[in-house]
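Now for the letters of each chain:
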Amino acid sequence: MLSQNFMLEKDPLSLERIRQILVRLEDTIIFDLIERAQFAHNPRIYIRGSFQEMRDMGFDGSWLEWFLKEIETFHARARRYTSPDEYPFTSDLPAPVLLPLAFPKILHPNTVNANPSILSFYTRSIVPRITRRATLALAAMKRSNGIIGDEEYEDDGNYGSAATIDVEVLQAISKRVHYGKFVSESKFKANPAAFVPHILNPNPAALEALITKPEVERKLLQRLRKKAATYAQEFSSDGDAIPNPHLNGSAKIDVDGVVELYESYIIPLTKEVEVDYLLHRLDGLSQEEIDALTA
């Protein structure tokens, strides 16, 4: 997982530095999605209470939620979530074993957390789409073995492998979305007078307009499509790319599905995080401190 060393970084709010991190996160997310696409949908792992083994342990959530809880419990003890760019999906995590690092003050104190929305759209919309090829291949294999009807679709039994990759995808998407706070803070500090009036008299549309650059978004989607198309290729034994992978069924992932993930979910949700963060940017400040921002 891509991380920024806040103890060494001279300017963690540099927009160029933030852009570099977001671009590298694109690679992480695409490669993780390619790995998840190798397994069938396995919808059972997203349904709460569907495993008797979990219920016997006193856990009534889904298999994926249990995975997240166990992994994030360990990570919390290793103080992962004390870093300003890390956000857990699980609540009530244990305290770190080690004393916290003295991170520099970067973001204004806030409680904005988009992880519930990320978990929902990922399991409901993204997983079914990116696993479609594996799911159809599974169904064809089951039919050849005489398994027909509802039993032929969706479930290949690889619950542990699928959930392991799901956690990696979710954590990468979460980091990418919550980096919107760094973008907002950077732009706010560059010109607080432009933001303060729309915060004091809450105007989400005006705040969104201040942080949105359509040309940047267009280039992002264009770059993402090229990356996904390149990474989705299969190669022959002599190292040559197999032509037209989407036509012959050899592509590792649905490129349009990757673009849709960003265009319909990640970008809009990042904007929501950016605006929500700005709406609370003046919380706890005195009138004198606010006046100083606009002086």
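Just so you know, these numbers come straight off a predicted model, no measurement behind them.

(A) The arrangement of the nonpolar core in detail. Formed by 51 residues in total, the largest nonpolar core has its most connected members in Leu-33, Trp-63, Ile-118, Tyr-122 and Ile-173. Listing elements by their share of this core, those giving two or more residues are helix 1 (15-36), helix 3 (63-77), helix 4 (115-130), helix 6 (159-178), helix 10 (214-231) and helix 12 (255-279). Residues within four places of Trp-63 in sequence aside, it is in contact with Ile-45, Phe-51, Met-54, Tyr-159, Gly-160 and Ala-163.

(B) Highlighting the side chain of Thr-123. Structurally, the position occupied by Thr-123 is in helix 4. Relative accessible area serves as the criterion here: at 16%, Thr-123 is assigned to the buried category. Within the structure, the side chain of Thr-123 is placed 2.9 Å from the backbone oxygen of Leu-119, a separation counted as a polar contact. Non-local contacts of Thr-123, meaning those with residues more than four positions away in its chain, are made with His-41, Tyr-46, Leu-64 and Pro-128.

(C) Spotlight on the environment of Thr-212. For Thr-212, the position within the fold is in the loop between helix 9 (204-211) and helix 10. Residues Thr-212 and Pro-43 lie 169 residues apart in sequence; the distance between their C-alpha atoms is 36 Å. Discounting residues that sit within four places of it in the chain, Thr-212 has contacts with Glu-217 and Lys-271. Within the structure, the side chain of Thr-212 is placed 2.6 Å from the backbone oxygen of Glu-208, a separation counted as a polar contact.

(D) Focus on the packing of aromatic side chains. Scanning all chains against the criterion turns up nine aromatic pairs. A ring pair is formed by Phe-51 and Tyr-159, whose centres lie 5.3 Å apart and whose planes are at 85°; its orientation type is edge-to-face. One end of the pair, Phe-51, is in the loop between helix 1 and helix 2 (52-56); the other, Tyr-159, is in helix 6, with 108 residues separating them in the sequence. Considered together, Phe-51 and Tyr-159 belong to a single accessibility category, that of buried residues. Judged by centre distance (4.5 Å) and plane angle (25°), the ring pair of Tyr-179 and Phe-182 falls under stacked. For the pair Tyr-179 and Phe-182, a shared accessibility class is recorded, and that class is buried. Against the face of Phe-51 rests Arg-44, its NZ or CZ located 3.9 Å from the ring centre.

(E) How the structure looks around helix 10. With 18 residues, helix 10 extends 26 Å from end C-alpha to end C-alpha; this agrees with the ideal 26 Å at 1.5 Å per step. As for helix 10, its buried residues are in contact with helix 1, helix 6 and helix 12.

(F) Local environment of unusual backbone geometry. Positive phi, normally seen in glycine, also occurs at Asn-42, with a value near 50°. By secondary structure assignment, the location of Asn-42 is in the loop between helix 1 and helix 2. Asn-42 gets classed as buried once you look at its relative accessible area, which sits at 0%. A positive phi angle is found at Arg-79, which is not glycine, with a value near 60°. We classify Arg-79 as partly exposed; its relative accessible area is 22%.

(G) Examining helix 4 more closely. At Tyr-122, helix 4 is bent by approximately 40°, the largest bend along its length. Three or more residues of helix 4 are buried, namely Asn-115, Ile-118, Leu-119, Phe-121, Tyr-122, Thr-123, Ile-126, Val-127 and Ile-130.

Analysis parameters
Residues numbered from 1 in each chain as written. Predicted model: local features only at pLDDT ≥ 70, side-chain atom pairs only at ≥ 80, totals over all residues. Heavy atoms only, no water. Core = buried A, V, L, I, M, F, W, Y, C linked by side-chain atoms within 4.5 Å. Buried < 20%, exposed > 50% of the residue type's maximum accessible area, 1.4 Å probe, protein only. Helix = DSSP H or I, 4+ residues; strand = E, 2+ residues; numbered from the N terminus. Contact = heavy atoms within 4.5 Å. Polar contact = N/O pair within 3.5 Å; in protein donor to acceptor, adjacent residues only side chain to side chain. Phe/Tyr/Trp six-rings, centres within 6.5 Å; stacked < 30°, edge-to-face > 60°. Lys NZ or Arg CZ within 6 Å of the ring centre and 35° of its normal. Expected span 1.5 Å × (residues − 1). Bend = angle between axes of the 7 residues up to and from the residue.

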